[in-house]
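Single-letter residue listing:
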Amino acid sequence: MSIQQIPITKLVLGEEEERLVLEVIRSGQLASGPKVAELERVFAEAHEVKHAVAVNNGTTALIAAVEVLNLQPGDEVVTSPFTFVATLNAILAAGATARFADIGDDFCIDGSKVEAAITDRTKVIMPVHLYGQAADMDPISLAAESVGASIIEDAAQAHLAGYKGRPVGAWGQATFSLYATKNLMCGEGGLITTNDDGIADRLRLLRNQGMRQRYQYEMAGNNYRLTDLQAAVALGQWGRLAASTAARQTNAGLLTDGLDGIEGFIAPRAESDRHHVWHQYTVRVLPEAKLSRDELLAALAEQGIGCGVYYPKVVFDYDCYRTHPDVIADDVPHAFAIAQQVISLPVHPYLTGSEIDRIVTTIRGLLGAN
Ligand SMILES: *Cc1c(COP(=O)(O)O)cnc(C)c1O
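Residues numbered from 1 in each chain as written. Predicted model: local features only at pLDDT ≥ 70, side-chain atom pairs only at ≥ 80, totals over all residues. Heavy atoms only, no water.

Colleague: So what's going on with the overall build of the chain? Residues and values would help.
Modeller: Helix and strand counts for the chain come out as 12 helices and 15 strands. Computed over its C-alpha atoms, the radius of gyration of the chain comes to 21 Å, within 12% of the 21 Å expected for a compact globule of 370 residues. Taking the principal axes of the C-alpha coordinates as reference, the chain spans close to 70 × 55 × 40 Å. When burial is assessed residue by residue, the chain has 55% of its 370 residues classed as buried. Put simply, 70% of the contacts in the chain that link residues at least 6 apart link residues at least 24 apart. For the chain, the exposed area adds up to about 15600 Å²; of that, 50% sits on carbon and sulfur atoms. (Helix = DSSP H or I, 4+ residues; strand = E, 2+ residues; numbered from the N terminus. Rg over C-alpha atoms; globule rule 2.2 N^0.38 Å. Buried < 20%, exposed > 50% of the residue type's maximum accessible area, 1.4 Å probe, protein only. Contact = heavy atoms within 4.5 Å. Areas by Shrake-Rupley, 256 points an atom, 1.4 Å probe, with all protein chains shown as cover.)

This is how it looks when you write it as structure tokens:
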């Protein structure tokens, strides 16, 4: 008998996406146009910021956010050592030097560790709102203010997440991804939000060859544009985002209730001052658990439960970064420990109650906590 698979993510494209895409095709205007403008408008409004600038992916969004600050070679960006590699690649692509502050138990930069990574070359602090939970922004912004550094939030996984009652996206610049597996998606796409009129203006120039009007160039720019076809897909999903986020939150709550009190196992909880949007539901398997992390991972895969390790290593712990002249490998012991412990489980909005029960029962059984 074959076991029913529970996938780690499930994508649903509906009639609204079809309708809006068809509208774009029939309009004959496939490049950036009214759909991109509409996406920017609704996205900025929901994140309570003045501007959202759409670009062709989340990595580009990060690159543009750094480029627009006109850093000099050797200027430093302090970021999280526990993130998707795009965070680091974007810093390097923009010509800056990367440094790292260790993470806390919320998987994000530990605000109290930021100061130790700051030098007189620090120009940007780039927290990553990992798995859909905002980093602890108060100490991070205090540290940034103390040296006059800008903040760029990597909110690729955190659409509509919040910190102390305020949506992410407004601490300086924030970047979002619309990649195919993100909470809001259109295959490839990205957005940068900011309340700064000057930065928004320069981002719009940068994304369009530095051009204000046809053949009037104000800076050396690039082509970072999103298309109306992609914006139509994202807009089609937009109407469902609040409900699908609420379903993720419900699913995370049920999983954590079910997975409570297992020896050597930590189920995730939202910090009380954060609005967590559960892009990933990530547990920790400690050395004292009945199975090792990798044994549990293999056993879950065998039982048809989709799972993944985000991320298996500290982001700079590869030869290509260890030897990179613009990467400074700071001491981040907690990130190294956590990379050995994490497993992400299904939390997507289309999980059924019986699938959640099966995930809980399987893990309790495997870890001897029936
Ligand atoms: C997905 C992601 C990115 C990059 O976004 P793309 O749209 O894939 O380029 C950057 N940072 C983090 C944390 C991500 O998860």
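Colleague: Can you break down the nonpolar core residue by residue, with the values?
Modeller: Grouped together as the largest cluster of nonpolar side chains are 94 residues, with contacts concentrated most on F82 and L88. If we skip the residues at most four places from it in the chain, L88 touches A98, F100, V315, F316, Y321 and V327. Within the second largest apolar cluster, 25 residues are counted, among which are F265, V285, L296 and V347. (Core = buried A, V, L, I, M, F, W, Y, C linked by side-chain atoms within 4.5 Å.)

Colleague: Could you give me a rundown of the sheet that holds strand β7 (residues 166-167), with the residues and numbers involved?
Modeller: Here three strands make up an open sheet; going across it, the order is β7-β6-β13 and the pairing antiparallel. In the strand order of this sheet, the two ends are held by β7 and β13 (274-275), each with one partner. Examined bridge by bridge, strand β6 (residues 162-163) and β7 share two bridges and lie antiparallel to one another. Bridge pairing in β7 links Y163 to R166. (Pairing = 2+ DSSP bridges.)

Colleague: Account for the pairing of strand β3 (residues 97-100), with residues named and values stated.
Modeller: Side chains of β3 alternate between two faces, with T97 and R99 and A98 and F100 buried alike. By the bridge criterion, four bridges tie strand β2 (residues 76-79) to β3 in an arrangement that is parallel. The partner of V77 across the bridge, within β3, is A98.

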